[in-house]
Amino acid sequence: MLGVFLLQSQSGPSGGKAAPPRPAKAVSKKRDEDASTDVGEGADEWTAAKTLVKPPDQLELTEAELKEEFTRVLTANNPHAPQNIVRYSFKERAYKPIGYVDQTAIHFSLNGNLILKDSDEGRRQSMRSAVSEKASLETSAVISEETEIKDEEGTEDTQAAGEEEAEEAGAAEEAEAAEAEEPPPPRVKEQKLANQFNFIERASKTLNNPLRERACQSEPTPCKNFSATANQWEIYDAYVEELQKMEKSKEKEKTKAQIAKKEEKKKGRKLTSLESQSDDITKISKAAKIMERMVNQNIFDDIAQDFKYFEDASDEYRDQRGTLLPLWKFQYDKTKRLAVTAISWNPKYKDLFAVGYGSYDFMKQSHGMLLLYTMKNPSFPEYVFSSESGIMCLDIHNDHPYLVAVGFYDGNVAIYNLKKATSQPSYKSSAKSGKHTDPVWQVKWQKDDMDNNLNFFSVSSDGRIVSWTLVKNELVHTDVIKLSAEGTTMQGPEGLQLQTLGCGTSFDFHKKIDYLFLVGTEEGKIYKCSKCYSSQFLDVFEAHHMAVDSVSWNPYHLKVFISCSSDWTVKIWDHTVKTPMFIYDLHSAVGDVAWSPYSSTVFAAVTTDGKAHVFDLSINKYEALCTQIVVAKKKNKITHIQFNPVYPVVIVGDERGHITCLKLSPNLRKMPKEKKGQEVKKGPEVEIAKMDKLLNLVREPDSTAGK
Amino acid sequence: MTELENYLFSGIPIRTTLDNSTTVQYAGLLCQLTMKARSTVRDIDPQNDLTFLRIRSKKHEIMVAPDKEYLLIVIQNPCE
């Protein structure tokens, strides 16, 4: 107990006022009570609590301070009452403190309903309760009371008004009750006192219609986002489309052949049905083609670079000799067994060349193929045509570079149209239409005849030179000439004179003189013929001892032609002179010879031992400038050679079905040197002059010898 | 050493020899580039048109051949 008290007094200074100790005392009393109740349980705690238990935030005081005594005085003052209220005194014109301050502290106030019995209000109420049966008096009394009450309302305090409002409410309730008890009581006319306190408001309210919103919305027009670009080329495309539409409509108006249209439509339908079944690749054929070429270019990049730019610098040190640089090699699976029998460059597309495949072997005759390669794609041919019989020769039309005339081993001729997708020839001769009875060794296109029909010539071992004309989609043949071998008329039975025919193996038409052409035969003779004379030759040259493999007019000089034969020789002739101008022995059977397109004195020959020989007569009359083995394997005969009309390349075909493309080194392509001060003349005249010079050199000794 | 892919102009691969994810990536990117290249070429001269597009990088060469409906893309490793 003591201990507890001490605690509280110590907390006194922290409080600082007289007020806290009082509630603190009450609290301490409560604590005592708590402690007393807990004695039974916390006896140990109580004994332990004898030692002072300090709350953690207790002030730390010294011993002297602890022993300090404080006096406590109980007064009747209201601790909450202010002690220093001042009031303004008008007399002294200053604030003066009030002497006495009310010390009453109201702890609790409650407004009560009790009123003194003897007071006015008490009496009234008792009267009311007693006279409740007399309705009219009561009502008037009530009304008057109510008015009195109302009068008094304004003047009395709020406290009293509160009481009276309660009374009024009670009075009103009594009045209502009284009225209810005695229905329709005769009412005394109420006197309405009109004064400022008797305010009546009257108002009326109209019916407010409930508001309803009604709206109508139309369907929004469908919106779509559209974006596009308007470039120059889009505008151009739009115009082009328009133009095409207009053109189409014009065409439709013009061509009213419905039958033809129907046919086209049928064909069109067939094609589309086929396309839908076929692979996707065909749809991107154009793109695939370009891509193939590009891929090839990448693969054979160095070759392409060589082709375009490489010029062998070592030619300077080679003393006039030249070389052939191998470039691309063209081969195709299906032609591995076949020999190259004909090569020809396309006159329009300078990188495209046609190759005919067949077999020279009499015993082993199989099918033939016609392939067209382009230098841009060495891996795969552009066009592939197959045939039953081996192809022996081919020629591409100058004006229509999509028409290829072909001669077969079985004596037929055919025309292939490259524009059409079929692999079969467009037109083919047959036994009925006068095909040859022996292999066709050479075909050549001629100028269109007077009816603008295409026509070409063919020469064959059966001794006939036939002119074929394409009349109304059919090949019509005309025998131009029959090569009757001179002096070989035989006595047949019944005295008939049979003439054996010579076997033509090659021919060539003069570039300028249209009717003049040369024919080489198996007997080694070269006949100079004219288209006009069908039975007689203009001239005969005893050219070779064996079959003449190739004859060719010089592209520049009008009189000169060259011939080669299996008797190992190449001979250059002037067609006015019976004996050859130049003879070259190449130590092996010569398969083909060709003039170069850029110079009148350069020609190339290929032999069966795999070598290619290039001659330039203006530089060296006796020897080849270049003799080079061109094919890889031995026992591979080269069959044909052709110069490219534009680029300095030659293509060489061999027996194994390979085509090799070679580039001519600079020494082989020499142009006439410029003399200082003189202009270099270019053109055919120069070439002709060159040749003439050579011929003169050769001719004079001949003419003197002849004399 | 070459791989081949086929695309529609919309960028969906039709046929490919590469794995699908690479194909789709190439498709999207190269489609846009081709459009841009074609637009460039034709803006300069509307009568001209793009035939081929080649992108040579350190590792390989990408070749794009656009067609009317399709796009053919070939990725080639250099032969050097």
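Residues numbered from 1 in each chain as written. Chains lettered and ligands numbered in written order. Predicted model: local features only at pLDDT ≥ 70, side-chain atom pairs only at ≥ 80, totals over all residues. Heavy atoms only, no water.

1. What to know about the overall build of chain A
Put simply, the test is: The secondary structure listing takes helices from DSSP runs of H or I that are at least 4 residues long and strands from runs of E that are at least 2 residues long, numbered from the N terminus. Contact criterion: two residues are considered in contact whenever any of their non-hydrogen atoms come within 4.5 Å of each other. Computed by Shrake-Rupley with a 1.4 Å probe, the accessible areas treat only the displayed protein chains as cover when residues are assessed.
When its secondary structure is counted, chain A shows 12 helices and 32 strands. For chain A, long-range pairs separated by at least 24 residues make up 47% of all intrachain contacts whose partners lie at least 6 apart in sequence. Of the accessible surface of chain A, which amounts to about 47000 Å², a share of 54% is contributed by carbon and sulfur atoms.

2. Here we look at the overall build of chain B
The secondary structure content of chain B amounts to 1 helix and 5 strands. Listed N to C, the secondary structure of chain B is β-β-α-β-β-β in terms of helices and strands. Residue pairs at least 24 apart in sequence account for 38% of intrachain contacts in chain B once pairs closer than 6 positions are excluded. Summing over all exposed atoms, chain B offers an accessible surface of approximately 4700 Å²; the carbon and sulfur share of this is 56%.

3. Describing the pairing of strand β28 (residues 611–616) of chain A
All names here are of chain A. Selection rule: Categorising residues by exposure relies on relative accessible area from a 1.4 Å probe, with only protein chains included: less than 20% of the type maximum marks a residue as buried, more than 50% marks it as exposed, and the intermediate range marks it as partly exposed. Strands are labelled as partners when DSSP assigns at least two bridges between them.
When you tally the buried positions in β28, you get 5 out of 6 residues, the bulk of the element. Here 5 bridges tie strand β27 (residues 602–607) to β28, and the two strands are oriented antiparallel to one another. By the bridge assignment, V602 is partnered in β28 with D616. Linking two consecutive strands that pair antiparallel, namely β27 and β28, is a turn of 3 residues; a positive phi of about 90° is found at G610 within it. By the bridge criterion, 4 bridges tie β28 to strand β29 (residues 626–629) in an arrangement that is antiparallel. The residue bridging K611 from the neighbouring strand is I629, located in β29.

4. Here's the deal with the sheet that holds β27 of chain A
Residue and element names in this part refer to chain A. Here is the rule: All axes are obtained by fitting lines to C-alpha atoms, using only the stretch in contact for helices, and the reported angles, taken between N-to-C directions, cover 0 to 180 degrees.
Strand order across the open sheet formed by 4 strands is β26-β27-β28-β29, with antiparallel pairing between neighbours. Looking at which strands have only one partner, the edges of the open sheet turn out to be β26 (590–595) and β29. Along the sheet, successive strands turn relative to each other by an average axial angle of 15°, direction set aside.

5. Structural notes on the packing of aromatic side chains
Residue and element names in this part refer to chain A. Put simply, the test is: Side-chain rings of Phe, Tyr and Trp (the six-membered ring for Trp) are treated as a pair once their centres are within 6.5 Å; stacked means planes under 30 degrees apart, edge-to-face means over 60, and tilted covers the remaining angles. Here, a charge over a ring means that NZ of Lys or CZ of Arg falls within 6 Å of the ring centre while also lying within 35 degrees of the ring normal.
Scanning all chains against the criterion turns up 27 aromatic pairs over all chains. Centre to centre, the rings of F507 and F509 are 5.1 Å apart; their planes meet at 65°, and the pair counts as edge-to-face. Overall, the relative accessible area of 8% leaves F509 in the buried class. Consider the rings of F603 and F615, whose centres lie 4.9 Å apart with planes at 10°: the pair is stacked. Residue F603 is found in strand β27, and its partner F615 is found in strand β28; the two are separated by 12 residues along the sequence. Per residue, the accessibility class of F603 equals that of F615, and both read buried. Grouping aromatic residues by their ring pairs yields a cluster made of F582, Y584, W595, F603 and F615. Lying across the ring of Y402, K419 places its NZ or CZ 4.3 Å from the centre.

6. Describing the interface of chain A and chain B
So the rule is basically this: As used here, buried area is the combined drop in accessible area, with a 1.4 Å probe, of two parts when they are placed together. One speaks of a salt bridge when a side-chain nitrogen belonging to Lys or Arg is within 4 Å of a carboxyl oxygen belonging to Asp or Glu.
If you look at the interface, chain A gives 20 residues, while chain B gives 25 residues. Both sides together, the interface formed by chain A and chain B hides about 2100 Å², and carbon and sulfur atoms give 59% of it. In terms of surface lost to chain B, no three residues of chain A exceed W233, M291 and N298 of chain A, which account for 30% of the buried area on that side. For the interface between chain A and chain B, the tally reads 1 salt bridge. Broken down by secondary-structure element, the contributors of at least two residues to the side of chain A that touches chain B are α8 (232–254) and α10 (285–299) of chain A. Top element by residues in the side of chain A that touches chain B is α10 of chain A. It accounts for 10 residues.

7. Examining the packing of α8 of chain A against helix α1 (residues 20–44) of chain B
As a reminder, the rule being used: Put simply, angles under 35 degrees are roughly parallel, angles over 145 are roughly antiparallel, angles from 65 to 115 are roughly perpendicular, and the rest are oblique. Gly falls in the polar group here, along with every residue not listed as nonpolar (Ala, Val, Leu, Ile, Met, Phe, Trp, Tyr, Cys, Pro) or charged (Asp, Glu, Lys, Arg).
At a minimum axis distance of 7 Å, the contact between α8 of chain A and α1 of chain B shows a crossing angle of 75°. Here α1 of chain B runs roughly perpendicular to α8 of chain A, going by the angle between their axes. On α1 of chain B, the residues that touch Q232, W233, Y236 and D237 of chain A of α8 of chain A are S39, R42 and D43 of chain B. Of the residues belonging to the contact of α8 of chain A with α1 of chain B, the class tally is 2 nonpolar, 2 polar and 3 charged.

8. With respect to the confidence of the model for chain B
Stated precisely, the cut-off is as follows: Confidence scores per residue from the predictor, reported as pLDDT, run from 0 to 100.
Of all residues in chain B, 84% attain a pLDDT of 70 or more, and the chain-wide mean is 83. Two numbers describe this predicted complex: its pTM, 0.61, and its ipTM, 0.81.

9. Quick look at the environment of F456 of chain A
By the element assignment, F456 of chain A lies in strand β13 (residues 455–460). Residues F456 of chain A and Q446 of chain A lie 10 residues apart in sequence; the distance between their C-alpha atoms is 5.1 Å.

10. Some details on the nonpolar core
What counts, and what does not: Buried residues of nine kinds, namely Ala, Val, Leu, Ile, Met, Phe, Trp, Tyr and Cys, make up a nonpolar core once their side-chain atoms join them within 4.5 Å.
If you look at the biggest cluster of nonpolar residues, it comprises 21 residues, and the most contacted ones within it are F353, Y357 and M375 of chain A. Elements with a minimum of two residues in this core: α11 (301–309), β3 (324–330), β4 (339–345), β5 (352–358), β6 (368–374), β31 (649–654) and β32 (659–664) of chain A.

11. Thoughts on the pattern of salt bridges
Side chains carrying opposite charge are able to pair once their charged atoms draw close together. For the structure on display, the rule yields 16 salt bridges over all chains. Residue K444 of chain A pairs with D508 of chain A through a salt bridge whose shortest N-O separation is 3.6 Å. Taken together, the positions of K444 of chain A in strand β12 (residues 440–445) and D508 of chain A in strand β18 (residues 504–509) put the pair 64 residues apart, joining distant regions of the chain. For D508 of chain A, a relative accessible area of 6% gives the class buried. Where R54 of chain B meets E61 of chain B, a salt bridge forms, and the shortest distance between an N and an O atom there is 3.2 Å. For R54 of chain B, a relative accessible area of 32% translates into the label partly exposed.

12. Quick look at the sheet that holds strand β10 (residues 413–417) of chain A
Residues and elements named next belong to chain A. Sheet architecture is open: 4 strands sit in the order β8-β9-β10-β11, paired in antiparallel fashion. One side of each edge strand has no neighbouring strand; the edge strands of this open sheet are β8 (391–396) and β11 (427–428). For β10 and β11, the ladder comprises 2 bridges, and the chain directions are antiparallel. Paired with I415 across the bridge in β11 is Y427.

13. Description of helix α5 (residues 120–130) of chain A
Residues and elements named next belong to chain A. Counted only if it meets this: To be clear, the arc concerns the directions from the helix axis to the C-beta atoms.
Three or more residues of α5 are buried, namely E121, G122 and R128. Relative to the axis of α5, the buried residues are bounded by an arc of 125° and lie together on one face. Opposite its buried face, α5 presents the exposed residues D120, M127 and A130, each directed more than 90 degrees away.

14. Some thoughts on the side chain of S359 of chain A
Residue and element names in this part refer to chain A. Here is the rule we go by: Two N or O atoms form a polar contact when they lie within 3.5 Å of each other; inside protein one atom must be a possible hydrogen donor and the other a possible acceptor, and for residues adjacent in sequence the pair counts only when both atoms belong to side chains.
For S359, the location among the structural elements is in the loop between β5 and β6. A polar contact of 3.2 Å, which involves the side chain of S359, links it to the backbone nitrogen of D361. Among residues more than four places away in sequence, those in contact with S359 are T341, K364, Q365, M392 and Y409.

15. Topic: the confidence of the model for chain A
For any part of a model where pLDDT is low, the fine detail of the predicted coordinates should not be relied upon. Residue and element names in this part refer to chain A. This prediction gives chain A a mean pLDDT of 75; 74% of its residues lie at or above 70. For the stretch residues 1–42, pLDDT sits under 50, and the model shows 16 contacts to residues farther than four places along the chain or on other chains. Below pLDDT 50 for its whole length, residues 701–707 participates in 1 contact with residues either more than four positions away or in separate chains.

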